[in-house]
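# Architecture and fold: a report
Read off the chains here:
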Amino acid sequence: MKQAAYDLDFDKHNNATLVVACGTCGHETRKHLKGLEPDHSFDCGCCGESIVIGQQNLIWAQRRTDTIRASYGVGAS
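Below is a summary of the structure that appears in this document. (Residues numbered from 1 in each chain as written. Predicted model: local features only at pLDDT ≥ 70, side-chain atom pairs only at ≥ 80, totals over all residues. Heavy atoms only, no water.)

### Some words on the environment of Thr17
Within the secondary structure layout, Thr17 lies in strand E2 (residues 16–21). For the pair Thr17 and Thr65, spaced 48 residues apart in sequence, the C-alpha separation works out to 9.4 Å. (Helix = DSSP H or I, 4+ residues; strand = E, 2+ residues; numbered from the N terminus.)

Next comes the structure, spelled out in structure tokens:
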């Protein structure tokens with residue numbers, strides 16, 4: 001079984017959303033980065049596979065968010 005894949009998306013207010021692709025079926029689920037805690041888990045809305053967003057994934061997402069915002073000269077919101 002493949003691992004879930006992670007990406008970031010930003011809305012027009014520069015709020016970050018973590019995009020999680022299920023490792024089983026590839027279905028993408030969006031979670032607001034601001035409200036996530038380490039080891040947050042949820043079931044894939046397509047196949048029902050349990051997906052856990054680990055602490056390392058959240059650290060990566062926050063660092064990447066900070067880097068992207070800095071490159072555009074946008075402060076944290």
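Back to the write-up after that little detour.
### Quick word on the pattern of salt bridges
One pass over the full model with this rule turns up two salt bridges. In this structure, Arg30 and Asp9 form a salt bridge, with 3.8 Å as the shortest nitrogen-oxygen distance. Here Asp9 lies in strand E1 (residues 5–10) and Arg30 lies in strand E3 (residues 28–32), a separation of 21 residues in the sequence. Of the charged contacts in the structure, one is a salt bridge between Arg30 and Glu28, with a shortest N-O distance of 3.7 Å. One continuous salt-bridge network, built from bridges that share partners, spans Asp9, Glu28 and Arg30. (Salt bridge = Lys/Arg side-chain N within 4 Å of Asp/Glu carboxyl O.)

### Remarks on the environment of Ile53
Looking at the element boundaries, Ile53 is found in strand E5 (residues 50–53). Counting along the chain gives 12 residues from Ile53 to Ser41, while the straight-line C-alpha distance between them is 6.2 Å. Excluding anything up to four places from it in sequence, Ile53 contacts Tyr6, Leu18, Val20, Lys31, Leu36, Glu37, Pro38, Asp39, His40, Phe42 and Leu58. (Contact = heavy atoms within 4.5 Å.)

### Quick notes on unusual backbone geometry
Positive phi, normally seen in glycine, also occurs at Asn14, with a value near 65°. Within the secondary structure, Asn14 is located in the loop between E1 and E2. Here Asn14 falls in the partly exposed class, since its relative accessible area comes to 30%. One non-glycine residue, Asp39, lies in positive phi territory at about 65°. (Buried < 20%, exposed > 50% of the residue type's maximum accessible area, 1.4 Å probe, protein only.)

### Topic: the layout of surface pockets
For the largest pocket, the calculated volume is near 160 Å³. Lining the largest pocket are 13 residues, and of these Gln3, Ala4, Ser50, Ile51 and Val52 sit closest to its centre. No other element matches E5, which puts three residues into the lining of the largest pocket. Taken together, the residues that form the lining of the largest pocket break down as six nonpolar, five polar and two charged. (1 Å grid on protein atoms, 1.4 Å probe; cavity = no way out; pocket = protein on both sides within 12 Å on 5 of 7 lines; lining within 4 Å. Points joined across faces, edges and corners; volume = space filled by probe spheres on them. Nonpolar A, V, L, I, M, F, W, Y, C, P; charged D, E, K, R; others polar.)

### Focus on the packing of aromatic side chains
One pass over the full model with this rule turns up zero aromatic pairs. Its guanidinium or amino end placed over the ring of Phe42, Lys31 lies 4.5 Å from that ring's centre, counting from NZ or CZ. (Phe/Tyr/Trp six-rings, centres within 6.5 Å; stacked < 30°, edge-to-face > 60°. Lys NZ or Arg CZ within 6 Å of the ring centre and 35° of its normal.)

Function-wise, these values are silent; they only describe arrangement.
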